[in-house]
Amino acid sequence: MPMWILMYVFSYSVSPAATNDRAEWRLLPAVVFQEFSNEERCNMAKSKLEGSLKESGSQA
């Protein structure tokens, strides 16, 4: 049975105001894997993720 996997990497920064430890003032990457039973659902999730990222970029 075929399976589609959506993989994405995102990073977030720890706010310097939240900690005095300079080692924590860096980007922390995370990798996410999502499995889908069909290609259409995988593509829908990908589109939704891309739209969400565009919105957050315009709000920054």
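Refer to the structure printed above.
Cut-off values and rules
Residues numbered from 1 in each chain as written. Predicted model: local features only at pLDDT ≥ 70, side-chain atom pairs only at ≥ 80, totals over all residues. Heavy atoms only, no water. Helix = DSSP H or I, 4+ residues; strand = E, 2+ residues; numbered from the N terminus. Buried < 20%, exposed > 50% of the residue type's maximum accessible area, 1.4 Å probe, protein only. Contact = heavy atoms within 4.5 Å. Areas by Shrake-Rupley, 256 points an atom, 1.4 Å probe, with all protein chains shown as cover.

Draft legend 1. Summary view of the overall build of the chain. Helix and strand content of the chain: 1 helix and 2 strands. Taking all 60 residues of the chain together, 7% fall into the buried category. In the chain, once contacts between residues fewer than 6 apart in sequence are set aside, the share between residues at least 24 apart is 53%. For the chain, the accessible area works out to roughly 5200 Å², and carbon and sulfur atoms hold 55% of it.

Draft legend 2. Structural context of the environment of Phe36. Its place among the elements puts Phe36 in strand β2 (residues 27–36). The spatial distance from the C-alpha of Phe36 to the C-alpha of Met3 is 5.9 Å, given a sequence separation of 33 residues. Setting aside residues no more than four positions away along its own chain, Phe36 makes contact with Met3, Trp4, Leu6, Arg41, Cys42 and Ala45.

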